[in-house]
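What follows is each chain in one-letter form.
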Amino acid sequence: MPRRKTHKQRSALITLPGHSLLINDKEDNNLQNKILELLSTITGTTVGSTLPDKFEPAFHPNHRSFFHSSVFGLIVIRFGLDALQNLKQYRDMRKVSGIEQVSLQELLNIFLVGVSVAYLDHLIVDGFTPNGLPLFQ
Ligand SMILES: [Zn+2]
């Protein structure tokens, strides 16, 4: 059973490539925006990496239920894709309005994308253990 430390280490490993791939706006050269967006990603992946075990603490080997299930993983994927789409819409609206400063809505959606990616990574790691993941619960 992977420990919290393992999940946090993995979230640290996936944060920068994930941020670069999904979040980073290559057209935006504002350093303050870059820092705020990276901090949102780091906060999101840190929270998301341990969230499944907050919902279903590892008190015994068969603790994995609905929030560790493949079905919930699909819900998280949908949630993350919605947050990513919302981020792009808020970003486009800001640029059309001529506002340079990243908005709170963008930062919130970046946080939610980070939570989703790290949550899924947690499920993938748990899925490769002998107990695997339940389908529904
Ligand atoms: Zn777990």
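Use the structure listed above.
Residues numbered from 1 in each chain as written. Predicted model: local features only at pLDDT ≥ 70, side-chain atom pairs only at ≥ 80, totals over all residues.

**Description of the overall build of the chain**
Helices and strands together make up the secondary structure of the chain, namely four helices and zero strands. Mapped from its N terminus to its C terminus, the chain presents α and β elements in the order α-α-α-α. With respect to the principal axes defined by its C-alpha atoms, the chain has extents near 55 × 25 × 20 Å. Residues classed as buried in the chain amount to 30% of the 137 residues present. Counted over contacts in the chain with a minimum sequence separation of 6, partners at least 24 positions apart contribute 81%. (Helix = DSSP H or I, 4+ residues; strand = E, 2+ residues; numbered from the N terminus. Buried ≥ 20, exposed ≤ 12 C-beta atoms within 10 Å, placed from the backbone. Contact = placed C-beta atoms within 7 Å.)

**Focus: helix H1 (residues 4-23)**
Within H1, the axis deviates most sharply at Thr 15, by approximately 35°, and proline Pro 17 lies no more than four positions further along. Inspection of H1 places His 7, Ser 11, Thr 15, Gly 18, His 19 and Ile 23 among the buried residues, and these make up the whole buried set. Those residues of H1 hidden inside the fold are in contact with helix H2 (31-55) and helix H4 (104-127). (Bend = angle between axes of the 7 residues up to and from the residue.)

**A few points about the packing of helix H3 (residues 70-97) against H4**
To characterise two packed helices, one gives the angle between the axes of the helices and the distance between these axes. Running from N to C, H3 and H4 point in directions that differ by 155°, and their axes come no closer than 8 Å. Taken together, the axes of H3 and H4 lie roughly antiparallel to each other. The two elements H3 and H4 cross, and the hand of that crossing is left-handed. Of the residues in H4, those in contact with Gly 73, Val 76, Ile 77, Phe 79, Gly 80, Ala 83, Leu 84, Asn 86, Leu 87, Tyr 90 and Arg 91 of H3 are Gln 105, Glu 106, Asn 109, Ile 110, Leu 112, Val 113, Ser 116, Val 117, Tyr 119, Leu 120 and Leu 123. By residue class, the composition of the contact of H3 with H4 is 14 nonpolar, six polar and two charged. (Axes fitted to C-alpha atoms, helices over the stretch in contact; angles between N-to-C directions. Parallel < 35°, antiparallel > 145°, perpendicular 65-115°, else oblique. Left-handed = near helix turned anticlockwise from the far one by under 90°. Nonpolar A, V, L, I, M, F, W, Y, C, P; charged D, E, K, R; others polar.)

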